[in-house]
Amino acid sequence: MSLAPFRDEVAAAVAEITGLDAAVIAGHLERPKNPDHGDIALPCFRIAKTLEAKNPAKLGGEIATKAGDALCGDGKRFEAVKAAGPFVNFKIATGALARATLEGIDAGGEAYGGGDEGAGKTVVIDYSSPNIAKPFGVGHLRSTVIGAAVARVHRHLGHEVVGVNHLGDWGTQFGTLAIGIERYPDLRPSEDDPDDEAIRKLYGLYVLINNDKRLEDSYRKLDENPGHEAIQRDIECDLASRPDDAPPFERSSGTPIDVAAREWFRRLEAGDAAARAEWQELRQLSLREFDRIYQRLGVEFESTRGESDYNDLLSEAVSLAEASGLTRLSGSDPKDEGEAGALIADLRDDKLAIALLRKADGASLYLTRDIAGVAYRTRTYAPWRNLYVVGKPQELHFKQLKRVCQGIEAVGALKSESGDSVPGGWSDAIVHVSFGHYSGMSTRRGTLVFLEDLLDEAVTRARAASEESKKGPRLEGAELDAALEAIGLGAVIFNDLRQSRVKDIPFDWDRMLSFDGDSGPYLQFGYARLSGILAKWSEAEPKLGDIDPSLLAEPRTRTLLVALARFPDAVREAARSYEPSIISQYLLDLSAAVHAFVHEHQVIRAETPELGRARYALVAATRTVLRTGMGLLGIEALDRM
RNA sequence: GCCCCCGUAGCUCAAUUGGAUAGAGCAACGGACUUCUAAUCCGUAGGUUCCAGGUUCGAGUCCUGGCGGGGGUACCA
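My aim in this report is to walk through the structure given alongside it, one point at a time. (Residues numbered from 1 in each chain as written. Chains lettered and ligands numbered in written order. Predicted model: local features only at pLDDT ≥ 70, side-chain atom pairs only at ≥ 80, totals over all residues. Heavy atoms only, no water.)

Moving on: the protein's contact with RNA strand B. Surveying the vicinity of RNA strand B reveals 79 residues, the closest of which are Glu339, Lys359, Lys471, Arg511 and His601. Sugar plus phosphate: this is where 57% of the atoms of RNA strand B within 4 Å of the protein reside. Contact distances for RNA strand B include 2.3 Å between a phosphate oxygen and a side-chain N or O atom of Lys471. Within the side chain of Asp518, a nitrogen or oxygen atom sits 3.2 Å from a sugar or linking oxygen of RNA strand B. At seven residues, helix H18 (residues 520-536) tops the list of elements feeding residues into the surface near RNA strand B. A breakdown of the residues in the surface near RNA strand B according to their chemical character gives 29 nonpolar, 21 polar and 29 charged. (Near = heavy atom within 4 Å. Polar contact = N/O pair within 3.5 Å; in protein donor to acceptor, adjacent residues only side chain to side chain. Helix = DSSP H or I, 4+ residues; strand = E, 2+ residues; numbered from the N terminus. Nonpolar A, V, L, I, M, F, W, Y, C, P; charged D, E, K, R; others polar.)

What follows is the structure, given as structure tokens:
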């Protein structure tokens with residue numbers, strides 16, 4: 001049950017009056033910003049034009065009078081229709097709203113708010129996708145929690161969802177790390193280190209070798225421009241930022257690090273056994289770390305494939321790109337930059353710069369591997385949508401990917417395994433679900449905050465908040481530990497999902513770990529209060545048929561009802577825009593209504609037994625919706641806190 | 001240089017995708033716990049929606065030009 005049936009009823013009545021199409025009118029209906037106006041509004045400017053003449057205010061008055069006669073009255077589902085200037089506001093009869101909403105939630109249970117409109121439409125979601133050579137920092141949190149939420153929302157609507165963790169386990173950065181290990185063998189993590197220790201060592205090595213690389217570059221530039229001040233400052237800065245326990249920087253006269261790294265990666269891609277073994281071991285080490293974090297966050301993937309799994313498809317990806325007719329070899333135009341012989345697609349006419357599909361030395365690139373990935377996913381899953389939950393800095397990359405894929409689709413080059421053409425639309429299915437980053441951190445400079453440290457700190461602060469809490473049960477032992485874990489993580493996850501995803505999030509411990517106001521624990525606390533009421537109810541659980549829904553009419557009670565009825569609309573909006581913050585904002589509204597209701601009205605000691613039973617039904621329904629909504633975001637609901 | 005995002009209260013964000021009097025939280029101030037959990041609720045204060053034009057019944061939202069911040073821009077991912 002949502003407000004949709006009521007909207008349809010309004011649209012039908014207005015259609016009857018004006019002679020316009022009901023579906024068109026339904027499209028114009030909106031929710032008044034100010035709830036005092038009503039539950040549904042018709043802005044008459046929208047239809048005034050098609051009806052010709054008449055000023056909107058006059059039209060509004062006419063419609064209000066006629067629609068009021070048709071919709072309101074005994075046994076009807078509306079209680080008021082009023083014109084306010086050019087707007088016509090419709091207020092739903094509280095009894096009808098309560099009955100329809102509570103019955104809908106009772107019938108749907110945890111499935112309430114969802115549906116089956118996604119049946120037969122597979123959604124592939126590429127998310128989290130951490131880089132093996134780097135640790136799991138808070139930066140990866142965003143892709144993980146946004147992707148997981150988008151996945152759950154689509155599943156709720158009946159979509160088949162394939163969550164794909166596309167591990168960054170291939171590429172030149174791996175070579176950089178390998179060179180670091182060659183240079184500082186003592187710092188290499190070993191099999192015997194505990195997981196946590198090993199990944200930190202690896203990270204230390206990663207930071208160190210990148211520091212070396214920058215210093216090398218700077219000294220080389222200084223040789224060319226002796227005495228250059230800016231370069232000297234860079235050098236001092238990098239020397240200063242070197243960890244105290246790190247070996248001193250020694251300028252090697254041999255191959256520069258970046259060249260050596262590219263060469264190392266080329267050997268790996270060519271199948272060199274030693275490189276392969278080293279890569280395999282580092283990969284396993286990182287995977288163990290990631291698994292621990294996914295378990296903690298409650299995230300599971302249907303498919304975990306590294307970029308390395310696409311190696312067999314790389315040559316095909318290149319052929320597909322060539323077949324599109326978009327590519328040529330660099331160097332054939334005298335204005336080309338860089339080394340000659342690379343395979344490029346000149347997309348400058350589409351304002352998409354130049355896309356690089358194969359390096360001059362023959363090695364693959366990110367784009368090539370993503371084309372292979374699209375080909376694989378299209379054949380394996382035939383997705384209705386192919387989502388990439390990846391940060392905003394890669395917008396150009398995904399535009400290039402989509403453009404090249406459109407070129408490939410246009411010539412029908414992609415074939416299924418049986419050799420038939422794949423059904424069209426696969427390139428348009430590609431959607432980059434981009435997001436802003438936490439600002440104020442950089443992986444390579446070593447200012448990164450480990451996700452596990454953040455989560456641990458969140459739990460510590462949750463403990464302090466719990467001890468300060470003035471009322472409520474004193475939890476102990478395992479129940480307390482579990483609650484603190486859920487609260488700490490709830491705060492972190494909600495903080496990440498509460499604002500629209502395109503915006504950057506300033507990294508701030510106090511903000512991320514706030515338990516007051518608009519926060520995860522605010523939702524959890526509302527849920528716990530509802531659970532407490534239900535737990536203390538000693539009478540028989542009232543049946544929906546035995547309660548009088550029209551009793552649920554006090555302002556705060558009705559606000560709560562309207563919020564419940566809106567949930568299905570919020571889920572659909574969140575799915576349409578791939579925007580979990582729609583759910584977050586909705587849950588804040590719902591929770592505010594919960595707290596306001598609980599604060600003002602008694603359930604167990606209600607004014608009358610009938611009122612108590614009606615409120616009980618409302619509380620039970622609300623608890624279900626709150627739990628479902630929190631579940632969509634990945635926030636655990638607690639019965640006691 | 002070119003391209004893409006963002007700019008709303010002191011701070012962090014909303015605003016039904018062009019609708020009514022721009023709303024929340026934090027911080028500040030004042031109230032509410034012998035009554036189902038005060039990690040809560042109620043109130044006060046806080047706004048030239050970066051600036052200047054334009055489009056129309058109507059602009060925080062759309063178009064043009066500035067300003068400020070961030071990101072991308074050929075062999076990293």
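Let us look at the sheet that holds strand S3 (residues 87-92). Strand order in the open sheet formed by three strands is S1-S3-S2, and the pairing between neighbours is antiparallel. The open sheet is flanked by strand S1 (40-43) and strand S2 (78-84), the only strands paired with a single partner. Pairs of neighbouring strands in the sheet enclose a mean axial angle of 15°, with direction left out of account. The sheet contact formed by S1 and S3 spans four bridges and is antiparallel. Bridging across to S3, Ala41 finds its partner in Asn89. (Pairing = 2+ DSSP bridges. Axes fitted to C-alpha atoms, helices over the stretch in contact; angles between N-to-C directions.)

With that settled, consider the packing of aromatic side chains. Each pair of aromatic rings is reported with the distance of its centres and the angle of its planes. For the coordinates displayed, the defined rule picks out 18 aromatic pairs. Plain terms: the ring middles of Tyr294 and Phe301 are 4.9 Å apart, the flat faces sit at 75° to each other, and that makes the pair edge-to-face. Judged by its relative accessible area of 5%, Tyr294 falls in the buried class. Seen from their ring centres, Tyr438 and Phe507 are 6.1 Å apart, and the 80° between their planes marks the pair as edge-to-face. Of this pair, Tyr438 sits in strand S12 (residues 438-439) while Phe507 is found in the loop between strand S13 (505-506) and helix H17 (509-512), placing the two residues 69 residues apart along the sequence. (Phe/Tyr/Trp six-rings, centres within 6.5 Å; stacked < 30°, edge-to-face > 60°. Buried < 20%, exposed > 50% of the residue type's maximum accessible area, 1.4 Å probe, protein only.)

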